[in-house]
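# Architecture at a glance
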Amino acid sequence: MSDQHHFAPLSPFATGLAGRCPRCGKGALFQGFLTLKPRCESCGLDYSFIDAGDGPAIFVILFAGFVVVGSALAVEVLYQPPYWLHALLWIPLVLLVTLGPLRATKGLLIALQFHHKAAEGRLDRPGRT
Ligand SMILES: [Zn+2]
């Protein structure tokens, strides 16, 4: 890596959840909903170090499924609504709790990877002067 840039360490939570470059916090991480850009347009960080895979998606969907099924059971026990009401409630909720946090979760995991690798000196020097 070039040594012309020194970046103060950014919180992986702040940059990741916002879908920003984990190094500079300015450039966008995504070019589609979940598609990554090849590199940061702001600081030029090459995103090819990222190993995202489908792990985040599966994690989020499992968690969301657990939450929704638990909620559906609780509502059934408490209120015993008709089935059409169940469908009306849970289908939008499933979409909301899976698609909503998916991008933020992926961004966070990417930022944590960067944080970890940068700390090992593989991507950038520590940002201390
Ligand atoms: Zn950047």
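Right, let's walk through the structure included here. Note that residues are indexed from 1 along each chain, following the sequence as it is written. Confidence filtering applies because this is a predicted model: local features only for residues at pLDDT of at least 70, side-chain atom pairs given and counted only at 80 or more, and all residues used for totals across whole chains, interfaces and linings. Note that water and hydrogens are dropped before the side-chain values are worked out from all heavy atoms of the structure.

### A word on the coordination of the zinc ion
The rule for donors is simple: an N, O or S atom within 2.8 Å of the metal counts, and for Na, K and Ca the reach is 3.2 Å. Water is not among the atoms, so a site may look short of donors. Ligation of the zinc ion by protein atoms is provided by Cys-21 (SG), Cys-24 (SG), Cys-40 (SG) and Cys-43 (SG), these donors lying 2.2 to 2.3 Å from the ion. Under the classification used here, a metal with four donors is tetrahedral if each angle lies between 85 and 135 degrees, square planar if opposite donors are over 155 degrees apart and the others between 65 and 115, a six-donor metal meeting that same test is octahedral, and anything else is irregular. Coordination at the zinc ion is tetrahedral, judged from the four donor atoms that bind it and the angles of 106 to 112° they form at the metal.

### Concerning the packing of aromatic side chains
The rule is short: rings of Phe, Tyr and Trp, with Trp giving its six-membered ring, pair when the centres are within 6.5 Å, and they are stacked under 30 degrees, edge-to-face over 60, tilted in between. Scanning the model with the defined rule gives one aromatic pair in all. Here Phe-49 and Phe-114 contribute two aromatic rings whose centre-to-centre distance is 5.7 Å and whose plane-to-plane angle is 55°, an arrangement assigned as tilted. In this pair, Phe-49 sits in the loop between helix H1 (12-17) and helix H2 (55-79) while Phe-114 sits in helix H3 (residues 83-119), placing the two residues 65 residues apart along the sequence. Classification of Phe-49 as buried rests on a relative accessible area of 11%. Accessibility expressed as a relative area gives 6% for Phe-114, which makes it buried. Only DSSP runs of H or I with at least four residues qualify as helices, and only runs of E with at least two residues qualify as strands; both kinds are numbered from the N terminus onward. Classification of residues uses two cut-offs on accessible area relative to the type maximum, computed with a 1.4 Å probe and protein chains only: under 20% is buried, over 50% is exposed, and between them is partly exposed.

### Focus on the side chain of Thr-15
Tracing the backbone through its elements, the reader meets Thr-15 in helix H1. The class for Thr-15 is buried, based on a relative accessible area of 6%. The contact partners of Thr-15, leaving out residues within four places of it in the chain, are Leu-10, Arg-20, Cys-21, Pro-22, Gly-25 and Ala-111. By definition, residues are in contact when any of their heavy atoms lie within 4.5 Å.

### Remarks on H3
Helix span, as expected, comes to 1.5 Å for every residue beyond the first. If you check H3, its first and last C-alpha atoms are 52 Å apart, about what 37 residues at 1.5 Å a residue would give, namely 54 Å. The largest bend in H3 comes to about 40°, at Leu-102. The angle between axes fitted to the seven residues ending at a residue and the seven residues starting there is what we call the bend at that residue.

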